[in-house]
Amino acid sequence: MIASPICEMLGIKYPIFQGGMAWIADGKLAAAVSEGGGLGIISAMNANAEYLKGQIEAARRLTDKPFGVNIMLMSPYADEVAEIAAEERVAVVTTGAGNPSKYMERWISAGIKVIPVVASVAMAKRVEKYGAAAVIAEGEESGGHIGELTTMAIVPQVRDAVQIPVIAAGGIADGRGVAASFMLGACGVQLGTRFLVAEECSVHRNYKEMILKAGDISTVTTGRRFGGNTCRSIKNNFTRNFIKEEYAPEATPESVANLGIGALRKAAVEGDIQDGCFLAGQIAGLVSREQPAAEIIKEIFEEAEKLLKEAPLWVK
Ligand code: TUI
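Here the structure is a predicted model, which means the values were calculated and not measured. (Residues numbered from 1 in each chain as written. Predicted model: local features only at pLDDT ≥ 70, side-chain atom pairs only at ≥ 80, totals over all residues. Heavy atoms only, no water.)

Here we look at the domain arrangement of the chain
Then step 1. Entries for the chain in the domain assignment read domain 1 (10-203 + 290-314) and domain 2 (219-279).
Then step 2. A separation of 24 Å is found between the C-alpha centroids of domain 1 and domain 2.
Then step 3. On the side of domain 2, twelve residues touch domain 1, which itself brings 15 residues to the contact.
Then step 4. Taken over both partners, the interface formed by domain 1 and domain 2 buries close to 1,000 Å², and the fraction arising from carbon and sulfur atoms is 56%.
Then step 5. For the pair domain 1 and domain 2, the number of links is three salt bridges.
Then step 6. Linking R224 and E148 is a salt bridge whose minimum nitrogen-to-oxygen distance equals 3.6 Å.
Then step 7. On the surface where domain 1 and domain 2 come into contact, there are six residue pairs in polar contact (both at pLDDT 80 or more). (Domains from an automatic or database assignment. Contact = heavy atoms within 4.5 Å. Buried area = accessible area lost by both parts, 1.4 Å probe. Salt bridge = Lys/Arg side-chain N within 4 Å of Asp/Glu carboxyl O. Polar contact = N/O pair within 3.5 Å; in protein donor to acceptor, adjacent residues only side chain to side chain.)

Now the structure itself:
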């Protein structure tokens, strides 16, 4: 067993979070991960309060274990979904794609553990000051909206800068990634891409096939040119067109901002291989099998424990 302070803090068996993947992480997937001993997370993405309430109810019908909600701060509905998370007193709120400070007092006073995703040391320090219970330090290996640092670089730097527990995210899909994360100073991990192919994940079949077939260099980033909106996804017709328009001489931040609208839904719901945006991490090449969420978690931690037990072999 891996003894981690994050397990004690949250009442979970394994120190693993399922990423709050937009259009993918619903109540059913979150409940399956929590039933498997990790922390399942429902994505509030760009949906409204009613949607989030429904997904929280769905998860509660399937599990009595703790789960979390991810608030995507760039969402036009961020205010109303932030309030639903507080009213529903979910165990954990994670946040992404921005600064969560303005909501933190409300969540904390509702008894919620707030665990923001950060992409820099500065943001980690800021959320610690506002009362975060822990931080998720996410590297640019991750799928979706990303920062500039790699997991290898961000995790130890955040670890040195804050007193609260650090969870590593980005480029982790097996026991090796977990063991390495612990060596970097993390006491837990967050995985998205591997859980996307969980049996309980209801994303379109074509999306799962894209992940299962991906190799090491199958992902690419879009939105880097003007900054602030860099996203990692699987290379396809959508990313080729995006990059062509992004780097056209006449492109502006405004012309690029609208390119991705609707493409996440096209990928996750319609399975549109041509024009969908299939967000995925660099580690997709390692993900080659669809399994129940509980089996994924068990397998990962069996491997991590074995590796960590063998670590003394390196020291003579
Ligand atoms: O949020 C993510 N990944 C995501 S969100 C998403 S949905 C989306 N929809 C439309 C447009 C863009 C995204 C898909 N994937 N990961 C967590 C994350 N947070 N990565 C980077 C950050 C981050 C970035 C800047 C956190 C804080 C931050 O602070 C900015 C500031 O205000 O200083």
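Remarks on the pattern of salt bridges
Then step 1. Applying the stated criterion across every chain yields a total of 17 salt bridges.
Then step 2. Taking the shortest distance from any N to any O, the salt bridge between R224 and E140 comes out at 2.6 Å. Here E140 lies in the loop between β6 (135-138) and β7 (144-145) and R224 lies in the loop between β10 (219-222) and β11 (231-234), a separation of 84 residues in the sequence.
Then step 3. Between R205 and E209 there is a salt bridge whose closest N-O contact spans 2.9 Å. Here the residue R205 and the residue E209 both occupy positions in helix α10 (residues 205-213), the gap between them amounting to four residues, near one helical turn. (Helix = DSSP H or I, 4+ residues; strand = E, 2+ residues; numbered from the N terminus.)

Re the packing of helix α8 (residues 175-183) against helix α14 (residues 293-310)
Helix-helix packing is described using two parameters, namely the angle between the two axes and the distance between the axes.
Then step 1. Relative to each other, α8 and α14 sit at 50°, their axes nearing to 7 Å. It follows that α8 is oblique to α14 by the angle criterion. α14 is crossed by α8, and the crossing has right-handed handedness. Residues G175, R176, V178, A179 and M183 of α8 form the contact with α14, whose participating residues are I300, F301, E303, A304, L307 and L308.
Then step 2. Considering only residue class, the contact of α8 with α14 consists of eight nonpolar, one polar and two charged. (Axes fitted to C-alpha atoms, helices over the stretch in contact; angles between N-to-C directions. Parallel < 35°, antiparallel > 145°, perpendicular 65-115°, else oblique. Left-handed = near helix turned anticlockwise from the far one by under 90°. Nonpolar A, V, L, I, M, F, W, Y, C, P; charged D, E, K, R; others polar.)

Description of the pairing of strand β3 (residues 67-72)
Within a regular beta strand, the side chains point alternately toward one face of the sheet and then the other, so they alternate between its two faces.
Then step 1. Counting buried positions along β3 yields five of six residues, so the element is predominantly enclosed.
Then step 2. Bridge analysis of strand β2 (residues 40-43) against β3 gives four bridges, and the strand direction is parallel. Pairing of G40 across the sheet is with F67, part of β3.
Then step 3. Where the polypeptide runs from β2 across helix α3 (residues 49-62) and back to β3, its parallel neighbour, the crossover connection is right-handed.
Then step 4. In terms of strand pairing, β3 meets strand β4 (residues 92-96) through five bridges, oriented parallel. (Buried < 20%, exposed > 50% of the residue type's maximum accessible area, 1.4 Å probe, protein only. Pairing = 2+ DSSP bridges. Right-handed = clockwise from strand over helix to strand, strands pointing away.)

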